[in-house]
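# Structural overview for review
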Amino acid sequence: KATLYKSKALLCQGCDFVVGYDTYKRIVNPKYYVPSGKALEGSSEEEHNEWVQGALEELKENGIRLFVAGRTEDDGTFLDLETAPLFELPSHLKSMVLPVTGFRMDISSTVLRAKAAQEAEATAS
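Residues numbered from 1 in each chain as written. Predicted model: local features only at pLDDT ≥ 70, side-chain atom pairs only at ≥ 80, totals over all residues. Heavy atoms only, no water.

Formed by 19 residues in total, the largest nonpolar core has its most connected members in Tyr24, Leu56, Leu59, Leu66 and Val97. Only α1 (5-11), β1 (16-20), α2 (21-27), α3 (45-61) and β2 (65-69) provide two or more residues apiece to this core. If you tally residues by element for this core, the top one is α3, at three residues. In contact with Leu59, other than residues within four places in its own chain, are Tyr5, Lys6, Ala9, Ile64, Leu66 and Met96. (Core = buried A, V, L, I, M, F, W, Y, C linked by side-chain atoms within 4.5 Å. Buried < 20%, exposed > 50% of the residue type's maximum accessible area, 1.4 Å probe, protein only. Helix = DSSP H or I, 4+ residues; strand = E, 2+ residues; numbered from the N terminus. Contact = heavy atoms within 4.5 Å.)

Below, the structure written as structure tokens:
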């Protein structure tokens, strides 16, 4: 079980990942890439962007592409890469982060896992 996409990229070189917008938000969150000896607080937005860009470059070096599907937020707002891009991709990374257009399924993987666990528990009883 690889928790970070950096680890998943090493295990699945050349693979495409389809992720929801909520997962993409975590992938481009600089808190996961703070270099040793640095702190998120007190670092500039430019540094944060460099850390995220470095992580995305590692994914690209492993042949990874991210297909990002829109997701509905808790308040009912639908967000996707086209309406809320989150991170300004440099031109050399634009081909690895691609929107999944024309697709919408308002269901959470957390809800699906909980439902599967309930069904498994009911079957086991």
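Think of a sheet as strands paired side by side through backbone hydrogen bonds, with each pair either parallel or antiparallel. As summarised here, the arrangement of the three strands in space is β1-β2-β5, forming an open sheet in which the pairing is parallel. Because the sheet does not close on itself, it has two edges, and the strands there are β1 and β5 (97-100). This sheet shows a mean twist of 30° between the axes of neighbouring strands, independent of strand direction. Two strands pair when backbone bridges link them, and β2 and β5 are joined in this way by four bridges, in the parallel orientation. When the sheet's bridge partners are listed, Phe67 is paired in β5 with Leu98. (Pairing = 2+ DSSP bridges. Axes fitted to C-alpha atoms, helices over the stretch in contact; angles between N-to-C directions.)

Let us look at the packing of aromatic side chains. Counted under the stated rule, the structure contains two aromatic pairs. Seen in terms of ring centroids, Tyr5 and Phe17 are 5.3 Å apart; in terms of plane orientation they differ by 85°. Their pairing is edge-to-face. Of this pair, Tyr5 sits in helix α1 while Phe17 sits in strand β1; the two residues are twelve residues apart in sequence, bridging distant segments of the chain. The buried category is assigned to Phe17, whose relative accessible area is 14%. Both rings, one in Tyr32 and one in Tyr33, keep their centres 6.5 Å apart while their planes meet at 70°; by these two values the pair is edge-to-face. We classify Tyr33 as partly exposed; its relative accessible area is 22%. (Phe/Tyr/Trp six-rings, centres within 6.5 Å; stacked < 30°, edge-to-face > 60°.)

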